[in-house]
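Residue-level listing of the chains:
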Amino acid sequence: MINHVWAVANKDLRLFFADKKAMIISFLVPIIIASFFSFVMVGNGGGGKQASKIPILAVNEDDDPLTATLIQKLGKSDMISVETVTREAATTAVKEGKSGVAVIFPKGFSAKAKSAIFAGDPATLEELYDPTKGTDKQVAQGALMQTLMQEISKEAMTGDSAKANLERALSFETDPVRKRAWKGMMDSWSSLDKSGGMSGGTGGGMRTPFEIKGQSMTAAKDDNADVNAGKAHVFGGMAMQGLLFFAINAAIGMLRDRKTGVWSRMKAAPVSSMALVLGNGLSTAIIAFIIFCGVMAFGVLALGIRVYGSWLGLGLVAICSSIMTAGYGLLIASLGKTEEQARGYSMIATLMMLMLGGAWFPTFLMPPFMQTISKIMPVRWSIDGVDAMVFRGAGLTSAVTPMVVTLGFAAGFSAIAIARMRKQ
Amino acid sequence: MVLVKDVVKSFGEVRAVNGISFEVAKGTCFGLLGPNGAGKSTAISMIVGTLKPDSGSVTIAGHVLSGDTDPARQKIGYVPQELALFEDLSSLQNLGFFGSLYNMSKPEIARKSAEVLAIVGLSDRATEPVKNFSGGMKRRLNIAIALVQGPELLVLDEPTVGVDPQSRNAIFDVLEKLKAQGMTLIYTSHYMEEVERMCDHILIVDHGKAIISGTLEQLLDTLDSRFRIRFEFLDEDTAVKAEAALNAKTLGKVFRKDSAVEVLPSKNAQAIVDSISYLQGANVMFEDMRVERGSLEEVFLASTGRSLRD
Ligand SMILES: Nc1ncnc2c1ncn2[C@@H]1O[C@H](COP(=O)(O)OP(=O)(O)OP(=O)(O)O)[C@@H](O)[C@H]1O
Ligand SMILES: [Mg+2]
C-alpha cells in the first residue's frame, strides 16, 4: 500500500517537473502578482474605505474617573467601537492581528492631560497597532483626538476642578502676557461650561493635552516593519492562491486519467483505489509545499521580507496548508464529472475562497458579516498563520490554531472526496 | 486458462454485454471480433478485473478475482484500447511506475524493462519522453508495459488502432513471438484480417451478444459458399432494382449497401453466371463486378445482415 502510494506520488512529481513550462507558471503567477501588490499597495495599509465601525481595545490603568468617562465617550463615536481589556490581552490581540489598534491610558493620564491642556508636558497615550491595518490606526487616532480633546477640555474647564487646573496650569506659565490672558478666562468660565460646545482643536490658548506614542506590534522594531508586514501579507495570500490553483490542475489531471483510461489501466494492477487516490493526494501536497516555499522564498530573498516569528511554525502552517490543498484537489476531482465542468466550477469556488479568505483583500477591511464568512474559508486560516509567523513575530503556539483548522478542512475535504469516489 | 460464464454488464439503459460465455485454452489466442460498440472493451474490462460483471463470472486460472489487490492480477497483462502512458515520462519511467504497481523491486523492474523494450523494439528510445514517439511506437510501449510484470495471459484491446501497416506488422511479430513462447492471448479487433491471422478461436459479438464462435475454419464452413459476388451500380436506384431482381430468384443471401449489392451464394456452381443473367433479364446494368474470397466479413454479414465496418 505505502509503496503504491509512493509510486503514484513519485510519478506525479516526475510529471510535474517534466512539464517545465507548466511548472514555472505554477511559481511565477503568484510571485508576479504578489510582487506587483507589494510595490503598489504596501505603505497605505490597503487604504480601503471603512465599511463599519472599527473595533479598538482600550486599557485603563488610570484610576481617575475621567479616564473611564473618556473611554465610555470614545465608544459612542461614529467611527469606532471600544472594548476595555487588560494590557496583556490588548498586546496579544494586536500582535496576533485580532485587533487593529489598542490604546492604553496609563496611570495619571487624565490628571496630567487636564493641566496639560493649558501648559506643561502633554500626557502620554500609548497606542499599539497592527501595521497591516493602517486605516484602523488612522481612524482610531482621529476618533481619539476628537473625543479626548472635547472631553478633557470640558472637564478641565468645568466645575470645581476647573479652577484648580487653571491655577495649576498658571503656575507653569512663565510668559506674563499669556498669564494675564488665562486669568481673564478664569472669570468667564461657567458660560463656556454650559455651552459644552468646545470642540477639539488647538485654538485659543489650549494645546493638545496628550500625545500618542504609537508602537507597531510586529516583532520588528525597525522603520520597515510596516512595509514588511504588507509584503508578507500579500505573499502569504498569493502563495495560497498558487496552491489552490495548483489543486485545480492536480484535480483536472486526475479527471483526465479517468477519462483517458489511465485510471482503469492502473486499476488492472493489484492496487487499491485508496492507494492511487492517496498517491495523488501526497504528490499534490508535496508540490503545493514546494510552490509555497518557492513563493515565500522569493519574497524573502528578492523583496526582503523578514520572518520575525517562528520559522518552524511557518513551515508547519505551510505543510498543513499544503495538505489542505491536496484535500481540496481530491474534492474537486471527486465532484467534477468532466474536465471542463470541474475547471469551471472549481475556478469559481477557488476565486470565492481566495476573495473571502482575504488572499486579495485583507479580511479586516471587510464588513463584519464577510469577516464571519471568511472564517469558513480555509485560506483565511492559512493566511492568518503566515501573517502571525512572518511579521507578527508570533511563536510556535500561535501556529497551532491555523494548523488545526487547515488540517480539519483537509480531513473534511478528503472525507467528502473519498465518500464520493466510493459511490461512483 | 480463462473461463467467462454468462457475463452481463449494463451502463444505465445500455446493455453493453448481454450474456457472453467462452473459454480460452492455455497457450492459444482467442479473438473477440465485433463492430464498434459491440461490447468488446466492456467484456475485456471484466476479464482484467477493472469492471465487475452485473452477473456471471470470470475465472482466470481457476480463480475468480477477489477485490482490487488480488495477487492473481499479476498474471494478467492488459493492453487497453486507449494508450495508457504518461507522455512526459520516458519509456523506462513509465515501465518503472507500472512495475511498482505490480509490486516489483527496483532491480526486477530494471531487468524486465530492458527485456520488454527489446521485445517491442524500443530499446534505443528507452530514456526519451514518450511524447516524442510516433503513434506506432506508443502502441508498442503500451504493449511493453503490459508485459513488464511477466504475465501468463495477455489481453489486448484493439492494440493496432491508428497504426501504420509497418508498425502493425511489428506488433504482430511481437504477438506471434509471445504466443510461440506459450503466452495465452485474448485479442479484440474490428479488423477481421488481424483476427484471422492471429487467433485460433474466434467469437463474433454484436450488440453485447455472442453471434457465433469457433475456429476460423469452422466459421468459414458456416458459409454456404466460400466467396461472395459484389456488384457496383451507377446509383442507389439502380442498386435497389438489382436487389429486387436478385432476390426474386433463389441465389442465396442478397445485401445492399448504397449503390452496391452483394450476394452470398447458397450454392457455388452457377451463382456467378446466374446472377449476371438475372440482372440482364431485369435490364439492370452494373458498373463493376468482383468476386471475393469468403472471410469473417462474410460470416459476420451472413449472421447479422450488417457489415463489420458500418
Ligand atoms: N463507461 C460507460 N458508460 C456508459 N456506457 C458505456 C460505457 N462503456 C461502454 N458503454 C457503452 O457500451 C456499449 C459497448 O461499448 P464497448 O466500449 O464495450 O464497445 P467496443 O466493442 O469496445 O467498441 P469499439 O470497437 O468502438 O471499441 C456501447 O454502446 C457504449 O456506448
Ligand atoms: Mg473497445
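In this text the structure is predicted, and so the values were computed from the model without any measurement.

1. Side note on the overall build of chain A
And then number 1: The number of helices and strands found in chain A is 17 helices and five strands.
And then number 2: Looking at chain A residue by residue over its 424 residues, the buried ones come to 53%.
And then number 3: When contacts within chain A are restricted to residue pairs at least 6 apart in sequence, long-range pairs at least 24 apart make up 82% of them.
And then number 4: As presented, chain A carries roughly 18400 Å² of accessible surface, and 63% of it is formed by carbon and sulfur atoms.

2. Side note on the sheet that holds strand E7 (residues 153–157) of chain B
One key point about sheets: their strands pair by backbone hydrogen bonds, in either a parallel or an antiparallel sense.
Residues and elements named next belong to chain B.
And then number 1: The strand order across the open sheet formed by six strands is E6-E7-E8-E3-E9-E10, and the pairing between neighbours is mixed. The open sheet has two free edges, formed respectively by strand E6 (76–79) and strand E10 (209–214), since each of these has just one partner strand. Strand-to-strand twist of the sheet, defined as the mean angle between neighbouring strand axes without regard to direction, takes the value 15°.
And then number 2: Pairing analysis gives four bridges linking E6 to E7, with the strands arranged parallel. Paired with Tyr78 across the bridge in E7 is Val155.

3. With respect to the site of ligand 1
Residue and element names in this part refer to chain B.
And then number 1: Among the 14 residues in the neighbourhood of ligand 1, the closest are listed as Gly37, Lys40, Ser41, Thr42 and Gln81.
And then number 2: The protein chains hide 61% of the 640 Å² of surface that ligand 1 would expose on its own.
And then number 3: Within the residue set of the shell around ligand 1, elements represented by two or more residues are strand E2 (14–24) and helix H1 (40–48).
And then number 4: The biggest single contributor to the shell around ligand 1 is H1, with three residues.
And then number 5: Along the lines of polarity and charge, the residues of the shell around ligand 1 split into five nonpolar, seven polar and two charged.

4. A few points about the coordination of the magnesium ion (ligand 2)
Working reference: metal with six octahedral donors, ideal angles 90 or 180 degrees; metal with four tetrahedral donors, ideal angle 109.5 degrees.
And then number 1: Those protein atoms acting as donors to the magnesium ion (ligand 2) are Ser41(B) (OG) and Gln81(B) (OE1), and they sit at 1.8 to 2.0 Å. Placement of Ser41(B) in helix H1 and of Gln81(B) in the loop between E6 and helix H2 (91–101) is noted, with a sequence separation of 40 residues between them.

5. Examining unusual backbone geometry
And then number 1: In this structure, Glu158(B) takes a positive phi of about 45° despite not being glycine.
And then number 2: Its location among the elements puts Glu158(B) in the loop between E7 and helix H5 (165–180).

6. What to know about the domain arrangement of chain A
Residues and elements named next belong to chain A.
And then number 1: By domain assignment, chain A separates into domain 1 (2–45 + 224–423) and domain 2 (52–157).
And then number 2: At the interface, ten residues of domain 1 touch twelve residues of domain 2.
And then number 3: When domain 1 packs against domain 2, close to 1000 Å² is buried across both sides, 56% of that on carbon and sulfur atoms.
And then number 4: For the pair domain 1 and domain 2, the interface holds zero salt bridges.
And then number 5: Counting across the interface, domain 1 meets domain 2 through zero residue pairs in polar contact (both at pLDDT 80 or more).
And then number 6: Considering every element that reaches the side of domain 1 that touches domain 2, the biggest residue donor is helix H10 (residues 225–260), with three residues.
And then number 7: A class-by-class count of the residues in the side of domain 1 that touches domain 2 yields five nonpolar, three polar and two charged.

7. A word on the packing of H2(B) against helix H4 (residues 135–147) of chain B
A pair of packed helices is captured by two measures, namely the crossing angle of their axes and the spacing between those axes.
Residue and element names in this part refer to chain B.
And then number 1: Interhelical geometry of H2 versus H4 gives an angle of 35° and a closest axis separation of 9 Å. In the packing of H2 onto H4, the handedness of the crossing is right-handed. Mapping the contact onto sequence places Ser91, Asn94, Leu95 and Phe98 in H2 and Leu141, Ala144 and Ile145 in H4.
And then number 2: Class assignment for the residues of the contact of H2 with H4 results in five nonpolar, two polar and no charged.

8. Structural notes on the confidence of the model for chain B
And then number 1: The predicted model of chain B has a mean per-residue pLDDT of 89, with 98% of residues at 70 or higher.
And then number 2: Scored as a complex, the prediction yields pTM 0.73 and ipTM 0.84.

9. Considerations on the sheet that holds strand E4 (residues 123–129) of chain A
Residue and element names in this part refer to chain A.
And then number 1: As summarised here, the arrangement of the five strands in space is E2-E1-E3-E4-E5, forming an open sheet in which the pairing is mixed. Whereas interior strands pair on both sides, the edge strands pair on one side only; in this sheet they are strand E2 (80–84) and strand E5 (210–216). When the angles between neighbouring strand axes are averaged without regard to direction, this sheet yields 25°.
And then number 2: In the sheet, strand E1 (residues 54–60) pairs with E2 via five bridges, with the strands oriented parallel. In the sheet register, Leu57 faces E2, and the bridge partner there is Glu83.

10. Regarding the environment of Glu297(B)
And then number 1: In this fold, Glu297(B) is placed in helix H10 (residues 296–304).
And then number 2: Between the C-alpha atom of Glu297(B) and that of Met192(B), which follows or precedes it by 105 residues, the distance is 6.6 Å.

11. Quick word on the interface of chain A and chain B
And then number 1: In this assembly, 23 residues from chain A lie in contact with 25 residues from chain B.
And then number 2: In this assembly, chain A packs against chain B so that about 2100 Å² is buried in total across both faces, 65% of it on carbon and sulfur atoms.
And then number 3: Among the residues of chain A in contact with chain B, Arg265(A), Ala268(A) and Pro270(A) are the three that bury the most area, contributing 32% of the side total.
And then number 4: Summed over the shared surface of chain A and chain B, the number is one salt bridge.
And then number 5: Between Lys267(A) and Asp68(B) there is a salt bridge whose closest N-O contact spans 2.8 Å.
And then number 6: Summed over the shared surface of chain A and chain B, the result is nine residue pairs in polar contact (both at pLDDT 80 or more).
And then number 7: Counting only elements with at least two residues in the side of chain A that touches chain B, the list comes to helix H1 (2–18), H10, helix H11 (262–267) and helix H12 (273–303) of chain A.
And then number 8: The leading source of residues in the side of chain A that touches chain B is H1(A), at seven residues.
And then number 9: Within the side of chain A that touches chain B, the residues separate by chemical class into eleven nonpolar, six polar and six charged.

12. Some thoughts on the pattern of salt bridges
Residues and elements named next belong to chain B.
And then number 1: Considering all chains together, one arrives at 29 salt bridges over all chains under this definition.
And then number 2: The residue Arg256 makes a salt bridge to Glu243 at a minimum N-O spacing of 3.2 Å. Pair noted here: Arg256 is in strand E12 (residues 252–257) and Glu243 is in helix H8 (residues 236–248), with a separation of 13 residues, a long-range link.
And then number 3: Members of the salt-bridge network, linked through shared partners, are Arg228, Arg230, Glu232, Glu262, Asp288, Arg290, Glu292 and Glu298.

13. Focus: the domain arrangement of chain B
And then number 1: The domains assigned to chain B are domain 1 (2–215) and domain 2 (227–293).
And then number 2: Between the C-alpha centres of domain 1 of chain B and domain 2 of chain B there is a distance of 41 Å.

14. Description of the packing of H1(A) against H2(B)
And then number 1: The N-to-C vectors of H1(A) and H2(B) enclose an angle of 160°; their axes lie 8 Å apart at closest approach. In this view, H1(A) runs roughly antiparallel relative to H2(B), as classed from their interaxial angle. Seen from above, H1(A) lies across H2(B) with left-handed handedness. Where H1(A) approaches H2(B), its residues His4(A), Ala7(A), Val8(A), Lys11(A) and Arg14(A) are matched on the opposing element by Gln93(B), Phe97(B), Ser100(B) and Leu101(B).

Cut-off values and rules
- Residues numbered from 1 in each chain as written.
- Chains lettered and ligands numbered in written order.
- Predicted model: local features only at pLDDT ≥ 70, side-chain atom pairs only at ≥ 80, totals over all residues.
- Heavy atoms only, no water.
- Helix = DSSP H or I, 4+ residues; strand = E, 2+ residues; numbered from the N terminus.
- Buried < 20%, exposed > 50% of the residue type's maximum accessible area, 1.4 Å probe, protein only.
- Contact = heavy atoms within 4.5 Å.
- Areas by Shrake-Rupley, 256 points an atom, 1.4 Å probe, with all protein chains shown as cover.
- Pairing = 2+ DSSP bridges.
- Axes fitted to C-alpha atoms, helices over the stretch in contact; angles between N-to-C directions.
- Near = heavy atom within 4 Å.
- Nonpolar A, V, L, I, M, F, W, Y, C, P; charged D, E, K, R; others polar.
- Donors = N, O, S within 2.8 Å, 3.2 Å for Na, K, Ca; no water.
- Domains from an automatic or database assignment.
- Buried area = accessible area lost by both parts, 1.4 Å probe.
- Salt bridge = Lys/Arg side-chain N within 4 Å of Asp/Glu carboxyl O.
- Polar contact = N/O pair within 3.5 Å; in protein donor to acceptor, adjacent residues only side chain to side chain.
- Left-handed = near helix turned anticlockwise from the far one by under 90°.
- pLDDT = per-residue confidence, 0-100.
- Parallel < 35°, antiparallel > 145°, perpendicular 65-115°, else oblique.

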